[in-house]
Amino acid sequence: AGSVTNGQTVRIRVTASPVPATATSAVITVGGVTGLFSVTSGNGVPTAPTAVTASAGFAAIRVTFGPPANTGGATVTGYSATCSSSNGGVTVTKTVGAAATSVQLAGLSIGRLYTCTANAISTVGTGAASTPSNAIKPFDLMQILNLVLE
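First, a word on scope: everything that follows refers to the structure included in this document. Here the residue numbers are simple positions, counted from 1 along each chain's written sequence. Totals for whole chains, interfaces and linings use every residue, but because this is a predicted model, local features are given only for residues with pLDDT of at least 70 and side-chain atom pairs only at 80 or more, for both listing and counting. The side-chain values count all of the structure's non-hydrogen atoms but skip hydrogen atoms and water molecules.

1. Examining the packing of aromatic side chains
- Aromatic pairs are defined between Phe, Tyr and Trp rings, using the six-membered ring for Trp, whenever the two ring centres lie within 6.5 Å; interplanar angles under 30 degrees are classed as stacked, those over 60 as edge-to-face, and all others as tilted. Counting across every chain of the model gives one aromatic pair.
- Centre to centre, the rings of F65 and Y79 are 4.7 Å apart; their planes meet at 40 degrees, and the pair counts as tilted. With a gap of 14 residues between them, F65 in strand 4 (residues 60-66) and Y79 in strand 5 (residues 76-85) connect regions that are remote in the sequence. Here a strand is any run of E in DSSP of at least two residues, a helix any run of H or I of at least four, and the numbering for each starts at the N terminus.

Written out as structure tokens, the structure reads:
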């Protein structure tokens, strides 16, 4: 409360939302004059890709994912996927372009158990990793041939 005289400077603070790319505004009326003040928070990194699943191939795993629920207000430029083993297999990461909905990671250890995660990459940076995929083992082509021949 108080009064403002003609020519006096008035300072107004509008705090941005913690959610990226969200506008927050305030309407201020002083002496019959109304002004709208708004601020939009800056772009953030995207949230994690959704619906991450893994399917086995010969010494490889295909990771499938959906787009992030929130891009943070920035353009998604690509995705990365990482498959890690819980029992001694090598870890592999691969990056693909923005149009991709899956990525195949090769060179994995046959017979080792893996889970995979995906990250969305934007012009601002790399978002958080997704929830891990289903656990899966890359297969050995010779094992399959032996099963067929038996």
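2. Details of the sheet that holds strand 5
- Two strands pair under a simple rule: DSSP has to find at least two bridges between them. Ordered in space as 6-5-8, the three strands form an open sheet in which the pairing is antiparallel. Since the sheet does not close on itself, it has two edges, and those belong to strand 6 (92-97) and strand 8 (114-122), each with one partner. Each strand of the sheet is rotated relative to its neighbour by a mean of 20 degrees, with strand direction disregarded. Helix axes are fitted to C-alpha atoms over the stretch in contact, other axes to C-alpha atoms as well, and angles between N-to-C directions run from 0 to 180 degrees.

3. What to know about the pairing of strand 8
- Taking burial as the measure, the nine residues of strand 8 include eight buried ones, the bulk of the element.
- Two strands pair when backbone bridges link them, and strand 5 and strand 8 are joined in this way by nine bridges, in the antiparallel orientation. Looking at strand 8, one finds that V76 is bridged to S122. Any residue under 20% of the maximum accessible area for its type is buried, any over 50% is exposed, and the rest in between are partly exposed; the area is computed with a 1.4 Å probe on protein chains only.

4. Comments concerning the sheet that holds strand 4
- A sheet is described by the order of its strands in space; here three strands give the open sequence 3-4-7, paired in antiparallel fashion. Two strands bound the open sheet, and with one partner strand each, they are strand 3 (50-57) and strand 7 (102-106). Strand after strand, the sheet turns through a mean of 20 degrees between neighbouring axes, direction not considered.
- By the bridge criterion, five bridges tie strand 4 to strand 7 in an arrangement that is antiparallel. For R62, the partnering residue across the bridge sits in strand 7 and is Q104.

5. What to know about the nonpolar core
- Core analysis: the biggest nonpolar cluster contains 19 residues, and I61, V63, F65, C83 and L105 have the highest contact counts within it.
- Those elements giving two or more residues to this core turn out to be strand 3, strand 4, strand 5, strand 7 and strand 8.
- For this analysis, residues touch if any pair of their heavy atoms sits within 4.5 Å. Ignoring any residue separated from it by four or fewer positions in sequence, one finds F65 in contact with P49, T50, A51, V52, Y79, V96, A100, T101, S102, V103 and A118. What we call a nonpolar core is a set of buried Ala, Val, Leu, Ile, Met, Phe, Trp, Tyr and Cys residues that are connected through their side-chain atoms within 4.5 Å.

6. A few points about the environment of V124
- Mapped onto the secondary structure, V124 falls in the loop between strand 8 and helix 1 (141-149).
- Linking V124 and G72, residues 52 residues apart in sequence, is a C-alpha distance of 8.7 Å.
- When neighbours within four sequence positions are excluded, V124 is seen to be in contact with N43, G44, V45 and A74.

7. Here's the deal with the state of the cysteines
- Criterion for a disulfide: a pair of cysteine sulfur atoms at a distance within 2.5 Å. One pass over the full model with this rule turns up one disulfide.
- Disulfide partner of C83: C116, at an S-S distance of 2.2 Å. Disulfide C83 to C116: torsion about the S-S bond roughly 105 degrees, handedness right-handed. One end of the pair, C83, is in strand 5; the other, C116, is in strand 8, and 33 residues separate them in sequence.

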